[in-house]
Each structure stands twice: as structure tokens, then as C-alpha cells.
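# Analysis of the macromolecular model
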Amino acid sequence: MKIKYLLLASVFSGQVAMAEDAPEPNPLTEVGVVKIEWQNPKDFRDIKTSTELQSRFEKRLFETLTKNINKQAEKSLKSGQTLHMQVTNLDLAGDMRPTFGATPGDLRIVKDLYPPRATFSFTVNEGDKVIISGDEKITDMSFMYNSRRFNDRPFQYETTLFTDWLQKSVEPKL
């Protein structure tokens, strides 16, 4: 009788192990004029989730940020230009805190003490020609105090971090 339960338990545990799909080592997202390579996301400072599989959360995070960056890039870049980014580090706004059993997962506490940050290199291309390139390390220390940022869109602080960078650093050089 015990052997049946052991076999049944091993079947279920094997299926649970397969449910957690391994994330890609360097995911690539592309929307419109923006192409982003997320280099070694497992080494990013803080892209942890509290409620879903980490691989699904990362996929949703990367796709959402790429789509939102593309919205600003289409306004900032001239016709025929594209933005390529290689993100090497990302730190989401807030910090993950354990709940010690009060809830099923940890909670992300968003305070001005934990600003969003990103480290990346980029190129703006026109066809095969590189127009602008560089390495950036950006942080938004005032992310909690800008009234336009108070909405309920996912990854709003990180989106604003990148769109402000595009408006203030890339757009004037074009």
C-alpha cells in the first residue's frame, strides 16, 4: 500500500517540477522600433515576484516594458530609426519583504527608499548606420513624487524611468 502512495507522490512531484519552465538565459523582446536583450535576468538586482511563477513574471515584465518603451521611442525617434538595448541589470521600484506566513508569498513594499534602477547599453540605428550609442546607469530618485506617475498600470515606475531617459538623453541628440 505504501508503494502505491510513493509512486503516486513521485508522479505528482515530477509534474510540479516540469510546471516551472526554465527561463531563457537572455530573453529577447521586440516591439515596433525597439529591440531589447535582457542579459542574464537571474543576476538582476531585484525582479522578484510574490504571486506567480518567476519565469511568467519575467516574461510579462520584459514584454510590458518593451511595449511601453516603444510607445515613447516612436515619438522620439525619426522615421527609419530603431532602438536596440542590452539590459544588464534591473531593480524594480520597492523591495520584497517576507510576510512570515501572514500571506502565501512575500510582499513588495514601495517606498521612496527603493527607487527603480537600470543599467544598459544602447544604440540608435538608421538602417545599418549607428546614430547614437552609449552605456547608461539610470535611477529615478523622485519616482514617488511625480503626480503623473500615480496610476495603476503595471510597472509604471520602471516605464517612466525609461521614457524619461529617452526624452531627456536620446531625443535631444537626434
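Just above, that's the structure.
Structure report, in brief. (Residues numbered from 1 in each chain as written. Predicted model: local features only at pLDDT ≥ 70, side-chain atom pairs only at ≥ 80, totals over all residues. Heavy atoms only, no water.)

Interaxial distance between helix α2 (residues 54-76) and helix α3 (residues 156-170) falls to 9 Å at its minimum, and their mutual angle equals 25 degrees. Taken together, the axes of α2 and α3 are roughly parallel relative to one another. Crossing hand, α2 versus α3: right-handed. From α2, Leu65, Asn68, Ile69, Gln72, Ala73 and Ser76 reach across to α3, where they touch Glu158, Thr159, Phe162, Thr163, Leu166 and Gln167. For the contact of α2 with α3, the per-class residue count stands at 5 nonpolar, 6 polar and 1 charged. (Axes fitted to C-alpha atoms, helices over the stretch in contact; angles between N-to-C directions. Helix = DSSP H or I, 4+ residues; strand = E, 2+ residues; numbered from the N terminus. Parallel < 35°, antiparallel > 145°, perpendicular 65-115°, else oblique. Left-handed = near helix turned anticlockwise from the far one by under 90°. Contact = heavy atoms within 4.5 Å. Nonpolar A, V, L, I, M, F, W, Y, C, P; charged D, E, K, R; others polar.)

In terms of nonpolar packing, the biggest core is built from 29 residues, with Leu83, Met85 and Leu90 touching the most fellow members. Those elements that place two or more of their residues in this core are β2 (34-38), α2, β3 (81-91), β6 (117-126), β7 (129-139) and α3. Sort the elements by how many residues they give to this core and α2 lands first, with 6 residues. (Core = buried A, V, L, I, M, F, W, Y, C linked by side-chain atoms within 4.5 Å. Buried < 20%, exposed > 50% of the residue type's maximum accessible area, 1.4 Å probe, protein only.)

Turning to unusual backbone geometry, a few remarks are in order. At Asn40, a position not held by glycine, the phi torsion is positive, near 50 degrees. In this structure, Asn40 sits in the loop between β2 and α2. Note on Asn40: relative accessible area 37%, which makes it partly exposed. Within the chain, Phe155 stands out as a residue other than glycine whose phi angle is a positive 55 degrees.

Applying the stated criterion across every chain yields a total of 7 aromatic pairs. Each ring, one from Trp38 and one from Phe62, has its centre 4.4 Å from the other, and the planes form 15 degrees; the classification is stacked. Pair noted here: Trp38 is in strand β2 and Phe62 is in helix α2, with a separation of 24 residues, a long-range link. In this structure, Trp38 and Phe62 share a single accessibility class: buried. With centroids separated by 5.7 Å and ring planes inclined at 65 degrees, the aromatic side chains of Phe57 and Phe155 adopt a geometry described as edge-to-face. Of this pair, Phe57 sits in helix α2 while Phe155 is found in the loop between β7 and α3, placing the two residues 98 residues apart along the sequence. With respect to class, Phe57 is no different from Phe155; both count as buried. Ring pairs connect the aromatic residues Phe120, Phe122, Phe162 and Trp165, which therefore count as one cluster. (Phe/Tyr/Trp six-rings, centres within 6.5 Å; stacked < 30°, edge-to-face > 60°.)

Taken together, Lys67, Lys71, Lys75 and Arg153 make up a surface patch of like positive charges. Here Lys71 shows up in helix α2. (Patch = residues over 30% accessible without salt bridge, like charges linked within 9 Å, V, L, I, M, F, W, Y side chains within 5 Å. Areas by Shrake-Rupley, 256 points an atom, 1.4 Å probe, with all protein chains shown as cover. Salt bridge = Lys/Arg side-chain N within 4 Å of Asp/Glu carboxyl O. Lys, Arg positive; Asp, Glu negative; His and termini not counted. Charge placed at Lys NZ, Arg CZ, Asp CG, Glu CD.)

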